[in-house]
Amino acid sequence: LISGEDLDVYGDGLQIRSNTFIGDIVGATRMAAQPIHDGEVLNICGDQPISLLAAISELADELGAIPKINFLPKVDGDQADTSGINYRAKEILGWSPRTDIHLGLRLQAQAAVAGSSSS
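Cut-offs applied
- The residue count restarts for each chain, going from 1 along the sequence in the order it is written.
- Residues qualify for local features only when their pLDDT is at least 70, as the model is predicted, and side-chain atom pairs are given and counted only at 80 or more; totals for whole chains, interfaces and linings, by contrast, use all residues.
- The side-chain figures draw on all heavy atoms in the structure; neither hydrogens nor water molecules are used.
- Helical segments are the DSSP runs of H or I of at least four residues, strand segments are the runs of E of at least two, and each set is numbered from the N terminus.
- The buried label goes to any residue with under 20% of its type's maximum accessible area, the exposed label to any with over 50%, and the partly exposed label to all in between, with areas taken from a 1.4 Å probe on protein chains only.
- Accessible areas in this description were obtained via Shrake-Rupley with a 1.4 Å probe; residue shielding takes into account the shown protein chains only.
- We call two residues in contact when some of their heavy atoms are within 4.5 Å.
- Salt bridge, as used here, is a side-chain nitrogen of Lys or Arg placed within 4 Å of a carboxyl oxygen of Asp or Glu.
- In this analysis, the expected span of each helix is defined as 1.5 Å times one less than the number of residues it contains.
- Lining residues are defined by having an atom within 4 Å of a point belonging to a cavity or pocket. Those points lie on a 1 Å grid over the protein atoms alone, cavities being sets where a 1.4 Å probe fits but cannot get out and pockets being open sets with protein on both sides within 12 Å along at least five of seven lines.
- Grid points are joined across faces, edges and corners, and a volume is the space filled by probe spheres set on the points.
- Polarity classes work like this: nonpolar for Ala, Val, Leu, Ile, Met, Phe, Trp, Tyr, Cys and Pro, charged for Asp, Glu, Lys and Arg, and polar for all others, with Gly in that last group.

Asker: Whenever I open this one, the overall build of the protein confuses me. Can you help?
Answerer: What the protein contains, in helices and strands, is four helices and four strands. Tracing the protein from N to C terminus, the helices and strands come up as β-β-α-β-α-β-α-α. Across its three principal directions, the C-alpha atoms of the protein cover 50 × 40 × 20 Å. The buried share of the protein, reckoned over its 119 residues, is 22%. Carbon and sulfur atoms form 54% of the exposed surface of the protein, whose accessible area is close to 7700 Å².

Asker: Can you walk me through the side chain of S51 in this structure?
Answerer: Following the sequence through the fold, S51 ends up in strand β3 (residues 50–51). You can call S51 buried: its relative accessible area is 15%. Once residues lying within four places of it in the same chain are set aside, the contact partners of S51 are G13, L14, Q15 and I16.

Asker: It is not clear to me how the pattern of salt bridges should be interpreted in this structure. Could you clarify?
Answerer: Should their charged atoms come close, side chains of opposite charge can pair. All told, the structure shown has three salt bridges when counted by the stated rule. Among the ionic pairs, D78 bridges to R17, the shortest N-O distance being 2.8 Å. Of this pair, D78 sits in the loop between β4 (69–72) and α3 (87–93) while R17 is found in strand β2 (residues 16–17), placing the two residues 61 residues apart along the sequence. With relative accessibility at 24%, the residue R17 sits in the partly exposed group.

Asker: Hey, could you run me through helix α2 (residues 52–63) in this one?
Answerer: Because an α-helix packs 3.6 residues into every turn, residues spaced three or four apart end up facing the same way. End to end, α2 covers 16 Å across twelve residues, agreeing with the expected 16 Å (1.5 Å per residue, within 8%). Buried-residue contacts for α2 involve β1 (7–10), β3, β4 and α4 (101–117). At the C-terminal side of α2, G64 shows a positive phi close to 65 degrees.

Asker: How should I be thinking about the layout of surface pockets in this particular structure?
Answerer: Leftover empty space is mapped by rolling, across the atoms, a probe with the size of a water molecule. When its volume is computed, the largest pocket comes out at roughly 380 Å³. Around the largest pocket, the lining comprises 27 residues; the ones closest to its centre are N19, T20, I101, L105 and Q108. If you list the elements that add at least two residues to the lining of the largest pocket, you get β1, α1 (22–32), β3, α2 and α4. Element by element, the count of residues in the lining of the largest pocket is highest for α4, at four residues. Across the lining of the largest pocket, the residue classes break down as eleven nonpolar, nine polar and seven charged.

Asker: Would you mind showing me how to read the environment of N86 here?
Answerer: Turning to its location among the elements, N86 is positioned in the loop between β4 and α3. Between the alpha carbons of N86 and G46 there is a distance of 7.7 Å; along the sequence they are 40 residues apart. Apart from the residues within four sequence positions on either side, N86 is in contact with N43, C45, G46, D47, W95 and P97.

Structure, rendered in structure tokens:
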């Protein structure tokens with residue numbers, strides 16, 4: 001989006017993902033590193049599903065860009081919805097993602113701009 005290049009989207013772009021902000025992952029990892037949680041397997045994931053097209057739209061808005069999307073055939077095996085379920089992490093660790101999807105996308109766009117201006 002920053003460079004103005006076409007974005008390749010495989011399928012219709014309505015695939016759903018529940019992205020997780022890196023700061024939330026770090027927080028959960030720190031909590032899970034306590035000895036009392038040894039051996040537990042937990043799904044650390046965001047709990048706000050968003051479609052690929054909606055995520056692209058939010059990033060484009062933050063960047064003041066107009067996305068040029070190149071729709072390509074769906075990739076065999078790509079799942080329509082890979083939203084995670086984090087109830088065990090909430091139950092065992094008392095963890096919940098703190099950064100909502102909209103703020104996380106804005107922060108990602110801002111970091112990309114800062115990174116592209118420093119190169």
